[in-house]
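Structural description and commentary
Below are the chains, spelled out letter by letter.
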Amino acid sequence: MSIVLRTIEFLGLSLWLGSDVFLSFVVAPAAFRILASRDQAGAMVGFGLWWMHMIGVVCGIAILLARLARTRTFASMATPAALCVVLMILLTVVSQHAVSPKMAALRVQMGSIQATAADSPLLAEFGRLHRMSVTLESGVLLAGLAAMYFMVKDLAS
């Protein structure tokens, strides 16, 4: 049973990291390169981001529950790998529930990001929130890579 639970931990983290890398480095750049407008590309990436966040939180919870079931001790939640996963969940929740809704509201106010004047305060605020979103997603990715390192290191011990 221990092997199955450890597999769930690795699978959950791999799915989460893979979806983050795929959305960030394949889907988003392609959407802005291929689609007819920046507004369409932004809508597509926003849709993908929502799903990635939901998948990430589910994977994070599954990782922590599998770890708890495998180790049968709450002390395993204080290990570096588990703390990295908790950090990933927190960053994802902040991005999804604090940053993304504000960006969506600004999109509605502007009507079209592409047609909004470059000196618009709404566009400036959108840019600030976008940078915050990218920073949060980068944090998720880095924490995920650290979690993977610690999980592999635990196997070697």
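Right, let's walk through the structure included here. Note that the coordinates shown come from a computational prediction; the quantities given were computed from them, not determined experimentally.

**Section: the pattern of salt bridges**
Counting across every chain of the model gives four salt bridges. Residue R67 pairs with D154 through a salt bridge whose shortest N-O separation is 3.9 Å. With a gap of 87 residues between them, R67 in helix 2 (residues 38-71) and D154 in helix 4 (residues 121-156) connect regions that are remote in the sequence. A cluster of three or more residues bridged by salt bridges with shared partners is formed by E9, R67, R70 and D154.

**Considerations on the packing of helix 1 (residues 2-34) against helix 4**
Following both chains from N to C, one finds helix 1 and helix 4 inclined at 150°, their axes separated by 10 Å at the closest point. Regarding the angle of helix 1 to helix 4, the classification is roughly antiparallel. When you trace helix 1 past helix 4, the crossing you get is left-handed. Between helix 1 and helix 4, the contacting residues are R6, E9, F10, L13, S14, W16, L17, D20, V21 and F25 on the first element and E137, V140, L141, G144, L145, A147, M148, M151, V152, D154 and L155 on the second. Class assignment of the residues belonging to the contact of helix 1 with helix 4 gives a composition of 14 nonpolar, two polar and five charged.

**Overview of the side chain of S112**
With respect to the element layout, S112 can be found in the loop between helix 3 (80-110) and helix 4. Polar side-chain contacts of S112 include one of 3.1 Å to the backbone nitrogen of A115. Leaving out residues up to four positions away in the same chain, S112 has contacts with D39 and R107.

Definitions and limits used
Residues numbered from 1 in each chain as written. Predicted model: local features only at pLDDT ≥ 70, side-chain atom pairs only at ≥ 80, totals over all residues. Heavy atoms only, no water. Salt bridge = Lys/Arg side-chain N within 4 Å of Asp/Glu carboxyl O. Helix = DSSP H or I, 4+ residues; strand = E, 2+ residues; numbered from the N terminus. Axes fitted to C-alpha atoms, helices over the stretch in contact; angles between N-to-C directions. Parallel < 35°, antiparallel > 145°, perpendicular 65-115°, else oblique. Left-handed = near helix turned anticlockwise from the far one by under 90°. Contact = heavy atoms within 4.5 Å. Nonpolar A, V, L, I, M, F, W, Y, C, P; charged D, E, K, R; others polar. Polar contact = N/O pair within 3.5 Å; in protein donor to acceptor, adjacent residues only side chain to side chain.

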